[in-house]
Amino acid sequence: MSKEIVDAIKALEQEKGIAADTLMDALADALLSAYKKTPGAAKYARVDLDHETGDFRVFELILPPELEEKLLAEAAEAQEEEREIDPETGEVREPEEPELDPAMIAPYESQITTRDVTPDDFGRIAAQTAKQVILQRIREAERMMMFEEYQDRVGELITGIIQQSDKRYTLVQLRERVEALLPKSEQVYNERYDHGMRVKAVITDVSDSTKGPAIVVSRRSPELIKKLFEIEVPEIADKLVEIVGVAREPGYRSKIAVVSHADGVDPVGACVGPRGSRVRMVVSELRGEKIDIIPHNDEPARFVAKALSPARVREVIVDDEERQATVIVPDDQLSLAIGRDGQNARLAARLTSWRVDIKSETEFAQEDEDIEYAGEEPSDGHCMAVMSTGRRCPNATIADSSFCGLPQHQALSRFETNQLVVLAPLAEAEVEVLADPDADAGQVAEIVERAEAEFVEPEEDPVEEVDTEDPEAPSGDPDASAAGPVDAGDPSPPAVAEASSGEVPPASPPADETSEEGQPQDQGVEDPSDADSEEEADEAEGSPEEPADEAEPAAEEAEQA
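Residues numbered from 1 in each chain as written. Predicted model: local features only at pLDDT ≥ 70, side-chain atom pairs only at ≥ 80, totals over all residues. Heavy atoms only, no water.

### Here's the deal with the packing of helix 6 (residues 223-232) against helix 9 (residues 277-285)
Just so we agree on the cut-off: For helices, the fitted axis covers only the stretch in contact; all axes are lines through C-alpha atoms, and the angles between them, taken along N-to-C directions, range from 0 to 180 degrees. Here a strand is any run of E in DSSP of at least two residues, a helix any run of H or I of at least four, and the numbering for each starts at the N terminus. In what follows, roughly perpendicular refers to angles from 65 to 115 degrees, roughly parallel to angles under 35, roughly antiparallel to angles over 145, and oblique to any angle outside these ranges. Handedness of a helix crossing follows the sense of rotation of the near helix relative to the far helix, less than a right angle counterclockwise being left-handed and clockwise being right-handed. It only takes one pair of heavy atoms within 4.5 Å for two residues to be counted as in contact. Three classes are used, and their members are as follows: Ala, Val, Leu, Ile, Met, Phe, Trp, Tyr, Cys and Pro are nonpolar, Asp, Glu, Lys and Arg are charged, and the others, Gly among them, are polar.
Relative to each other, helix 6 and helix 9 sit at 140°, their axes nearing to 9 Å. In terms of their interaxial angle, helix 6 and helix 9 are classed as oblique. The two elements helix 6 and helix 9 cross, and the hand of that crossing is right-handed. Judged by residue contacts, Leu228, Phe229 and Glu232 of helix 6 engage Arg278, Val279, Met281, Val282 and Glu285 from helix 9. Classifying every residue of the contact of helix 6 with helix 9 by side-chain character gives five nonpolar, no polar and three charged.

Okay, structure coming up:
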């Protein structure tokens, strides 16, 4: 063999990245296959190839009869165990005549006699056979190298170029001679994959097959969001900020929970970036998919409340045993908390791993069954906050506190009352300041003073007395109704107002008769000292304003007369 063959193998080593020894072994196998195709070839043979010079020799292997029978029996037994079934007919394929593999003969070299049978010229057929074997071995070596390269890269973000796309799958070229499969199940419904377009995806599976390693990538995996943020946010790449949870509905909306492992680093601000530049790049790569960034919290109530962002949450009642959270939101926030087709609530439940039940304040207040909890003292382990419905919060208290982990409830520690109504005039940011134990004392005092100035302690007894008296007033004596102006705080009683206006509803017949008799008499009076006028003044003495009102028209009529 000429020196040019060795030089060509070394060039292939540089081009393909395949070791020269691997190519030389492939060449030796190719020469052996070519020798077996020559007329009069020995039954068992071996090729010795010098990797430096390229010189080779073919040796016939002469086996003792006993050894040959033994090795053939072992080969036949191995073929019997590996019987195959024809997939077309369903019949068992008959094994071919067993052959001795060189690996089986190698341990018995001391018992084998060799003879040099190197042919002078292999010929055209032998050269073509050697070429095919070499090319096949090169392809196998490339596939094995590619499999070893990508089998440990599952979950890694890759960038490729779309080569082909149809209804079943899309081919993505990762690099030269390396393609990945993007199946239909891993594509996003509203994304287009045009030829030549650059796309980012996550490797989900790498498997070896006869046609080479199959690399499967995904655009729907939650890992895609993590990897994109890791590229855009240096704090995540440096492990200062961690994404602890992702809930995603591809193409629509995603929620991620982030936590900071370094003091002074805001996890949400780091992910958003200056003027939203970082999160905007991720949204652009995801073709406009909305992303909510939620600060992670070990307190389930606070975590669930934040997970329902952008909706404002009033209360969160958690059941640790059932891992269920009942969320109370303002009436105008109910649809926002649930989201379109329940999307917001569904993503919050996936992110927190809690079952979330959302109720409006009105619905929660109208429930017949009260929420049960143990005890009513601070020592019972339950939050002391009293909600707007008048019920006490059943959540468990956190360490060194009489309230649960909700910011609104923690803010109550700044007040003497435990009524959540005291926080009504405050903004959410001010509530966060009060809930922070390290907040500025001057700022806290100013907020507390303003909230207490507008707070009125709720009173239940006076409201109940007014409610019981109201239904009795219409069924009583009309005179008594006219003589009681303090009932509703109105300085003009209903009966007096009706008499002065002259318009009387038909629902009260006694008042109608009096007003009808009095109206013509008032119109026909010429003398302001008439006795009828004195009787009407006596009847309306409960209202000091009416005589003056009636005296003015009477005086005007007298002047006209």
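### A look at a negative patch on the surface
The criterion, for reference: Like charges within 9 Å and nonpolar side chains (Val, Leu, Ile, Met, Phe, Trp, Tyr) within 5 Å are joined into patches, using only residues over 30% in relative accessible area that form no salt bridge. Areas reported as accessible are Shrake-Rupley estimates using a 1.4 Å probe. Residue values count occlusion only from the protein chains shown. Every case where a carboxyl oxygen of Asp or Glu lies within 4 Å of a side-chain nitrogen of Lys or Arg is listed as a salt bridge. Positive charges come from Lys and Arg, negative ones from Asp and Glu, while His and the chain ends are left out of the count. A charge is said to be at NZ when it belongs to Lys, at CZ for Arg, at CG for Asp and at CD for Glu. The buried label applies to any residue whose accessible area, calculated with a 1.4 Å probe on protein chains only, is under 20% of its type's maximum; exposed applies above 50%, and partly exposed to all values in between.
A surface patch of like charges, here negative, comprises Asp21, Asp25, Asp50, Glu52 and Asp55. Looking at aspartate 55, the relative accessible area reads 45%, which means it is partly exposed.

### Observations regarding the sheet that holds strand 10 (residues 253-260)
Put simply, the test is: Should DSSP find at least two bridges between two strands, the strands are taken to pair.
Pairing is mixed in the open sheet, where three strands are placed in the order 9-10-11. Since the sheet does not close on itself, it has two edges, and those belong to strand 9 (241-249) and strand 11 (290-295), each with one partner. For this sheet, the mean angle separating the axes of adjacent strands, direction not counted, is 20°. Pairing analysis gives six bridges linking strand 10 to strand 11, with the strands arranged parallel. Residue pairing in the sheet places valine 258 in a bridge with proline 295 of strand 11. Contacts between helix 12 (residues 343-352) and the sheet are confined to strand 9, strand 10 and strand 11, with strand 9 contributing the most and set at about 140° to the helix.

### Concerning the packing of aromatic side chains
Here is the rule: The criterion for an aromatic pair is that two Phe, Tyr or Trp rings (for Trp, the six-membered ring) have centres within 6.5 Å, with stacked assigned to planes under 30 degrees apart, edge-to-face to planes over 60 apart and tilted to the rest.
If you walk through the whole model with that rule in mind, you get one aromatic pair. Judged by centre distance (5.0 Å) and plane angle (15°), the rings of tyrosine 189 and tyrosine 252 are stacked. Taken together, the positions of tyrosine 189 in the loop between strand 6 (178-183) and strand 7 (198-207) and tyrosine 252 in the loop between strand 9 and strand 10 put the pair 63 residues apart, joining distant regions of the chain. Under the relative-accessibility criterion, tyrosine 189 is labelled exposed at 52%.

### Let's talk about the packing of helix 10 (residues 300-307) against helix 12
When two helices pack together, their arrangement is given by the angle between the helix axes and the distance between those axes. Close contact between helix 10 and helix 12 brings their axes to 9 Å; oriented N to C, the two are set at 145°. Helix 10 and helix 12 meet at a crossing whose hand is right-handed. When helix 10 is examined against helix 12, the residues Phe303, Val304 and Ala307 are found in contact with a partner set consisting of Ala348, Leu351 and Thr352. In terms of residue class, the contact of helix 10 with helix 12 is built from five nonpolar, one polar and no charged.

### Considerations on the state of the cysteines
To be explicit about the condition: Any cysteine sulfur atom paired with another within 2.5 Å is treated as part of a disulfide.
Under the defined criterion, the tally for this structure stands at zero disulfides. You can see cysteine 404 has no disulfide; the closest cysteine sulfur is in cysteine 383, sitting 3.9 Å from it.

### Quick word on the pairing of strand 6
Direction of pairing for strand 5 (residues 169-175) relative to strand 6: antiparallel, over a ladder of six bridges. Of the residues in strand 6, the one forming a bridge with glutamine 173 is glutamate 179. Hairpin connection from strand 5 to strand 6: two residues lie between these consecutive antiparallel strands, with arginine 177 at a positive phi of about 65°.

### Some details on the side chain of threonine 352
Quick note on the threshold: Within 3.5 Å is the distance limit for a polar contact, defined as a pair of N or O atoms, with the added protein rule that one can donate a hydrogen and the other accept it, and that residues adjacent in sequence qualify only through two side-chain atoms.
Tracing the backbone shows threonine 352 in helix 12. For threonine 352, the side chain forms a polar contact with the main-chain oxygen of alanine 348, separated by 2.8 Å. What threonine 352 contacts, discounting residues up to four positions off in sequence, is Phe303, Val304, Ala307 and Arg323.

### What to know about the nonpolar core
Spelled out, the test is: Nine residue types can take part in a nonpolar core, namely buried Ala, Val, Leu, Ile, Met, Phe, Trp, Tyr and Cys, and a core is a set of them joined through side-chain atoms within 4.5 Å.
In terms of nonpolar packing, the biggest core is built from 49 residues, with Val316, Val327, Leu423 and Leu434 touching the most fellow members. Going through the elements one at a time, helix 10, strand 12 (315-319), strand 13 (324-329), helix 12, helix 15 (428-435) and helix 16 (441-454) are the ones with two or more residues in this core. For this core, the leading source of residues is helix 10, giving five residues. Ignoring anything within four residues of it in the chain, the contact list for valine 327 reads Val304, Leu308, Val313, Glu315, Val316, Val356, Asp357, Ile358 and Lys359.

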